[in-house]
Amino acid sequence: MSADLPQGAWVMLRAGSLRLLLPHGELGEASYLEVRPQPGAVPGLLEEPTPGTRRFVALSEDMKPLPQCPSGRFVATAFAGDRDGLLWCWDEVQMMNGAQLKARPVPAVLRTGSTPVTHFVEQADGLAYLCSAARLRAFALEGS
């Protein structure tokens, strides 16, 4: 059973084969990475080569922080409302203004209480999972 999602602005974020759809209003501006973030002092957090500058997260395909930023990640976004200035690294960021999406529930057998996604949409190049920025952040950084 599928459900029509509200028409509006969605953003597709890609990290390897992981494709996430977040409401546009939950993301800050996208920017290109001029240098590749390096492992930082805190496991899972990356930093620019100059200490004390911006911090980053690069997700694996299972939505957990990677110890290093893959070479294909060249764009970063912030999550709206984050006060810590953390940036998230992506292979691709694509606006989907006015997209009519038909969401289907993720089968219950594939979900746990902490799974940040509950629905997916089929796209020409694969599945994309609907997620909120808050749930993604909590799952990736806090394990809940």
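In every chain, residue numbers begin from 1 and rise along the written sequence. In keeping with the model being predicted, local features are shown solely for residues with a pLDDT of at least 70 and side-chain atom pairs are shown and tallied solely at 80 or more, while totals for entire chains, interfaces and linings include all residues. Water and hydrogen atoms play no part in the side-chain values, which are based on all heavy atoms of the structure.

For the protein, the count of helices and strands is 1 helix and 13 strands. Put simply, the protein runs from its N terminus to its C terminus through helices and strands in the order β-β-β-β-β-β-β-β-β-β-β-β-β-α. Here the radius of gyration uses the C-alpha set of atoms, whereas the globule reference equals 2.2 Å times the residue count to the power 0.38. For the protein, the C-alpha radius of gyration of 15 Å lies close to 15 Å, the compact-globule estimate for 144 residues. In the protein, the proportion of contacts linking residues at least 24 apart, taken out of those at least 6 apart, comes to 55%. Values of accessible area rely on a 1.4 Å probe in the Shrake-Rupley scheme; residue burial ignores everything except the protein chains shown. Counting only carbon and sulfur atoms, one obtains 54% of the accessible surface of the protein, whose full area is about 7,800 Å². Numbering goes from the N terminus for both helices and strands, where a helix is a DSSP run of H or I of at least four residues and a strand is a run of E of at least two. By definition, residues are in contact when any of their heavy atoms lie within 4.5 Å.

For the rest of this paragraph, the subject is the nonpolar core. One finds Leu20, Leu22, Leu59, Phe79, Trp88, Trp90 and Leu136 to be the most contacted residues of the largest nonpolar core, which totals 24 residues. Within the second largest apolar cluster, 9 residues are counted, among which are Trp10, Leu21, Met96 and Ala128. Throughout, nonpolar core names a set of buried Ala, Val, Leu, Ile, Met, Phe, Trp, Tyr and Cys residues whose side chains join them through atoms within 4.5 Å. To sort residues, take the accessible area from a 1.4 Å probe on protein chains only and compare it with the maximum for the residue type: under 20% means buried, over 50% means exposed, and anything in between is partly exposed.

Okay, the layout of surface pockets next. Points on a 1 Å grid, built from protein atoms alone, make a cavity when a 1.4 Å probe fits but cannot get out and make a pocket when they are open with protein on both sides within 12 Å along at least 5 of 7 lines; residues with an atom within 4 Å of a point are the lining residues. Grid points are joined across faces, edges and corners, and a volume is the space filled by probe spheres set on the points. Of the pockets and cavities examined, the largest pocket occupies roughly 170 Å³. As for the largest pocket, its lining consists of Met63, Val106, Pro107, Leu110, Arg111, Thr115, Val117, Phe120, Leu127 and Tyr129. Only Asp, Glu, Lys and Arg are considered charged, only Ala, Val, Leu, Ile, Met, Phe, Trp, Tyr, Cys and Pro nonpolar, and every remaining residue, Gly among them, polar. In terms of residue class, the lining of the largest pocket is made up of 8 nonpolar, 1 polar and 1 charged.

Strand pairing is assigned whenever DSSP detects at least two bridges linking the two strands. Here we have 6 strands laid out as an open sheet, ordered β4-β8-β9-β7-β6-β5, and mixed in their pairing. Single-partner strands in this sheet number two, and they are β4 (27–32) and β5 (38–39). Judged from the 2 bridges that link them, strand β6 (residues 46–47) and strand β7 (residues 55–58) form a sheet pairing that is antiparallel. Bridging across to β7, leucine 46 finds its partner in phenylalanine 56. Here helix α1 (residues 133–142) sits on the sheet in contact with β7, β8 (75–79) and β9 (87–90), set at roughly 90° to β9. To obtain an axis, a line is fitted to C-alpha atoms, over the contacting stretch when the element is a helix, and the angle between two such axes runs from 0 to 180 degrees between their N-to-C directions.

Stacked, edge-to-face and tilted labels apply to pairs of Phe, Tyr and Trp rings (six-membered ring for Trp) whose centres lie within 6.5 Å, assigned for plane angles under 30 degrees, over 60, and everything in between, in that order. Across all of its chains, the model carries 3 aromatic pairs by this definition. Measuring from ring centre to ring centre gives 6.4 Å for phenylalanine 120 and tyrosine 129, while their planes differ by 55°; the resulting arrangement is tilted.

The next thing to look at is unusual backbone geometry. Residue methionine 63 is not a glycine yet carries a positive backbone phi of 65°. Relative to the helices and strands, methionine 63 is located in the loop between β7 and β8.

Our next topic: the confidence of the model for the protein. Summarising the model, the protein shows a mean pLDDT of 86, and 90% of its residues fall at 70 or more. Within the protein, strand β1 (residues 3–4) has the poorest average pLDDT of any element, 52, and β9 the best, 96. pLDDT is a residue-level measure of predictor confidence that goes from 0 to 100.

Next up on the list: the pattern of salt bridges. For this analysis, a salt bridge means a side-chain nitrogen from Lys or Arg found within 4 Å of a carboxyl oxygen belonging to Asp or Glu. In the structure shown here, the tally under the stated rule is 7 salt bridges. Between arginine 54 and glutamate 48 there is a salt bridge, and its shortest N-O distance comes to 2.8 Å. Within the structure, one salt-bridge network assembled from shared partners comprises Arg14, Arg73, Asp91 and Glu92.

Here we take up the pairing of strand β12 (residues 119–123). Remark: a regular strand shows side chains that alternate across the two faces of the sheet. By the bridge criterion, 2 bridges tie strand β11 (residues 102–105) to β12 in an arrangement that is antiparallel. Looking at the pairing, proline 105 lines up with histidine 119 of β12. In this structure, the hairpin formed by β12 and strand β13 (residues 126–130) is closed by a connection of 2 residues.

Turning to the environment of leucine 66, a few remarks are in order. Residue placement: leucine 66 occurs in the loop between β7 and β8. In this structure the C-alpha to C-alpha distance between leucine 66 and alanine 140, which are 74 residues apart in sequence, comes to 10.0 Å. Apart from the residues within four sequence positions on either side, leucine 66 is in contact with Gly44, Leu46, Ala58, Leu59, Ser60 and Arg73.

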